[in-house]
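Spelled out, the chains give:
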Amino acid sequence: MIHKTLTLLGLLALLPSLLSARGMPAEQRDTIHGLFDSHDKFQREVTQTDKGYISKTTSDDPKAVELLQTHVKQMEGRLKEGLMVRGWDPAYVEFVNHYDDIDIQITDIENGISIVATGKTEAAKAVARNHAGIISKFIDHGWTEHDKTHAAVFETQTATQGMGNRGGMACCQMESETGSPTGESCRMEGDACCRKT
């Protein structure tokens, strides 16, 4: 009986890491791809505060607004479940690691989303601001920014999740270096970071 109890406790201890290894569902990935495809339809304002930041991301395109609002809720759900997002990107690994120390208030507004992020620690404040800056880069540069890794504020370790941790490159970067023009091998291996071709 003691052996069975210890085995069960061991499995329960592994549960968070098993959850974080779960791949991104196609619906969430498609929403992200839609956002990158329409990145130039968004306007974004970010104001740094003493405790973190306030952002407002808007669009005049109702379909783009719907994608944005859906995406933010999907990612909030993933993070609350303890799942990884962009596990090959050091800044995102750091953000996920500090997520519990950041209070994020999301409000749907008429043409987009407003977010108030408040860090509970000095480190969390800096990590939240770094994340906001990366999102702004995504909107400014679209797919070319998607394919990059981003520096963490404090943590120097490399990502431990996802295919893209080969040398710190994203899957889409790897496909161009390996000469695969379609990225088919990347998608076949189940990496959620690749865009559709």
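Our structure's up above, just so we're on the same page.
My aim in this report is to walk through the structure given alongside it, one point at a time. The structure displayed is predicted, hence computed values, not measured ones.

Considerations on the overall build of the protein
Looking only at helices and strands, the protein features 8 helices and 4 strands. Starting at the N terminus and walking to the C terminus, you meet the elements of the protein as α-α-β-β-α-α-β-β-α-α-α-α. Here the protein holds 197 residues, and 42% of them are scored as buried. By sequence separation, contacts in the protein at least 24 residues apart represent 61% of the contacts at least 6 residues apart.

Some words on the pairing of strand β4 (residues 112-119)
Of all 8 residues in β4, 6 are buried; the element is thus mostly enclosed. As defined by bridge partners, strand β3 (residues 102-109) adjoins β4 across 8 bridges and the pair is classed as antiparallel. Bridge pairing links Ile 104 to Ala 117 in β4. Count of turn residues in the β3/β4 antiparallel hairpin: 2 residues.

Quick look at the packing of aromatic side chains
Applying the stated criterion across every chain, the model contains 4 aromatic pairs. Among the aromatic residues, ring-to-ring pairing joins Phe 36, Tyr 92, Phe 138 and Trp 143 into one connected group. The residue whose ring lies beneath Arg 86 is Tyr 92, and the NZ or CZ to ring-centre distance is 5.2 Å.

Thresholds, definitions, all that
- Numbering of residues starts from 1 in every chain and runs along the sequence as written.
- Per-residue local features of the predicted model are confined to residues with pLDDT of at least 70, and side-chain atom pairs are confined, for both listing and counting, to 80 or more; whole-chain, interface and lining totals are unaffected and use all residues.
- By convention in this description, side-chain values take in all heavy atoms of the structure and omit both hydrogens and water.
- Helix and strand assignments follow DSSP, with helices taken as H or I runs no shorter than four residues and strands as E runs no shorter than two, numbered in order from the N terminus.
- Think of it in three bands: residues with accessible area under 20% of the maximum for their type are buried, residues over 50% are exposed, and the middle band is partly exposed, with areas taken using a 1.4 Å probe on protein chains only.
- Residue contacts are counted whenever heavy atoms from the two residues lie within 4.5 Å of one another.
- Criterion used throughout: strands pair if DSSP finds at least two bridges between them.
- The pairing test for Phe, Tyr and Trp rings, Trp by its six-membered ring, is centres within 6.5 Å, and the orientation test on the planes gives stacked under 30 degrees, edge-to-face over 60, and tilted for anything in between.
- To sit over a ring, a charge needs its Lys NZ or Arg CZ within 6 Å of the ring centre and within 35 degrees of the ring normal.

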